[in-house]
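Now for the letters of each chain:
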Amino acid sequence: VDAALTPLIRASGLCRPKGPCAVGLAVEVRRRIHVAAGAAPQKKFALLITTGALRSLEPSELQSALAHELGHVQLGHFQSREVRYGEERSDQAPVNGARDEVLRASRASDREEEFAADRYAVELLDRLPGDPGRGCTEMLLLLERLDLEQLTPGWGSWLSTHPTPAARLQALRATCGEKP
């Protein structure tokens with residue numbers, strides 16, 4: 001994880017060079033591939049990685065997944081999601097059909113943030129030493145892997161807040177096709 005994450009943090013400018021940059025890490029024993037980032041007290045952010053991701057993903061795929069999660073950090077998605085989820089839980093939230101509309105709008109924002117984190121990951125991966133244009137290639141490979149992975153049990157709850165890997169692939173192919 002360190003070998004994949006350290007160059008990304010440097011390239012992102014998330015932490016000052018040679019300054020402290022505490023990142024939390026939790027490894028969850030689960031076969032399914034899953035990488036997530038979240039807010040953490042007294043840390044820049046925290047990562048959750050399943051043993052399935054550590055065992056199954058190629059190093060470049062893991063780095064791409066981590067780049068995507070750094071996108072959530074850099075784009076302020078933790079804060080915007082907290083506001084939206086607070087509105088969902090609010091005692092004053094509308095009831096019946098109007099409440100359903102609030103939930104749909106919130107989930108649509110979640111999905112848009114996933115697309116934005118994918119685009120950020122492409123840009124971040126392109127800042128690393130190596131082949132120009134590697135960001136598109138690496139992210140497309142990761143999303144193809146996730147598209148196959150969604151056939152395994154347990155993906156239903158994840159898809160309630162995320163676009164399908166196929167939808168993300170389609171969006172990223174359009175974005176990458178526009179790059180010179």
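Further up the page is the structure itself.
Report on the accompanying structure. Because the structure is a prediction, the values reported are computed rather than measured. (Residues numbered from 1 in each chain as written. Predicted model: local features only at pLDDT ≥ 70, side-chain atom pairs only at ≥ 80, totals over all residues. Heavy atoms only, no water.)

## A few points about the pattern of salt bridges
For the coordinates displayed, the defined rule picks out 4 salt bridges. The partner of Asp118 in a salt bridge is Arg168, with the nearest N and O atoms 2.6 Å apart. Here Asp118, found in helix 5 (residues 96-127), pairs with Arg168, found in helix 7 (residues 165-178); they are 50 residues apart in sequence, far enough to count as distant. On the basis of relative accessibility, which here comes to 1%, the residue Asp118 falls in the buried class. (Salt bridge = Lys/Arg side-chain N within 4 Å of Asp/Glu carboxyl O. Helix = DSSP H or I, 4+ residues; strand = E, 2+ residues; numbered from the N terminus. Buried < 20%, exposed > 50% of the residue type's maximum accessible area, 1.4 Å probe, protein only.)

## Observations regarding unusual backbone geometry
Among all residues except glycine, the phi angle is most often negative; among peptide bonds, the trans geometry is most common. One non-glycine residue, Gln42, lies in positive phi territory at about 60°. Tracing the sequence through the fold places Gln42 in the loop between strand 2 (35-38) and strand 3 (45-50). Judged by relative accessible area, which is 80%, Gln42 ranks as exposed.

## With respect to helix 1 (residues 2-12)
Looking at helix 1, one finds that the buried residues are Ala4, Leu5, Leu8, Ile9 and Ser12. Buried residues of helix 1 fall within an arc of 115° about the axis and therefore sit on the same side. Residues of helix 1 that are exposed and angled more than 90 degrees away from the buried face: Asp2, Ala3 and Arg10. Just beyond helix 1, the residue with positive phi is Gly13, at close to 75°. (Arc of directions from axis to C-beta.)

## What to know about the packing of helix 3 (residues 59-74) against helix 6 (residues 134-149)
Two elements in contact, helix 3 and helix 6, have axes separated by 9 Å at closest approach and are oriented at 100°. The angle between the axes of helix 3 and helix 6 places the two elements in the roughly perpendicular class. Note on element contacts: helix 6 touches helix 3 through Arg134, Glu138, Met139, Leu141, Leu142 and Arg145, opposite Ser60, Glu61, Gln63, Ser64, Ala65 and His68. Its residues assigned to classes, the contact of helix 3 with helix 6 shows 4 nonpolar, 4 polar and 4 charged. (Axes fitted to C-alpha atoms, helices over the stretch in contact; angles between N-to-C directions. Parallel < 35°, antiparallel > 145°, perpendicular 65-115°, else oblique. Contact = heavy atoms within 4.5 Å. Nonpolar A, V, L, I, M, F, W, Y, C, P; charged D, E, K, R; others polar.)

## Details of empty space enclosed by the protein
One pass over the structure, following the stated rule, counts 2 cavities of 30 Å³ or more. Taken together, Phe115, Asp118, Arg119, Arg168, Ala171, Leu172 and Thr175 make up the lining of the second largest cavity. When residues of the lining of the second largest cavity are traced back to their parent elements, those giving at least two are helix 5 and helix 7. The element contributing the most residues to the lining of the second largest cavity is helix 7, with 4 residues. Looking at side-chain class alone, the lining of the second largest cavity contains 3 nonpolar, 1 polar and 3 charged residues. (1 Å grid on protein atoms, 1.4 Å probe; cavity = no way out; pocket = protein on both sides within 12 Å on 5 of 7 lines; lining within 4 Å. Points joined across faces, edges and corners; volume = space filled by probe spheres on them.)

## A closer look at the sheet that holds strand 1 (residues 23-28)
With respect to topology, 3 strands assemble into an open sheet ordered 1-3-2, the strand pairing being mixed. The open sheet has two edge strands with one neighbour each: strand 1 and strand 2. For this sheet, the mean inter-axis angle between neighbouring strands, taken without regard to orientation, is 20°. Looking at chain direction, strand 1 and strand 3 are connected through 6 bridges and run parallel. (Pairing = 2+ DSSP bridges.)

## With respect to the state of the cysteines
Enumeration over the complete set of coordinates arrives at 2 disulfides. Across the disulfide from Cys15 sits Cys21; the S-S distance is 1.7 Å. Counting only the cysteines that take part in disulfides, in the order they occur along the chain, gives the pairing 1-2, 3-4. (Disulfide = S-S within 2.5 Å.)

Geometric descriptors of this kind do not, in isolation, establish any biological role.
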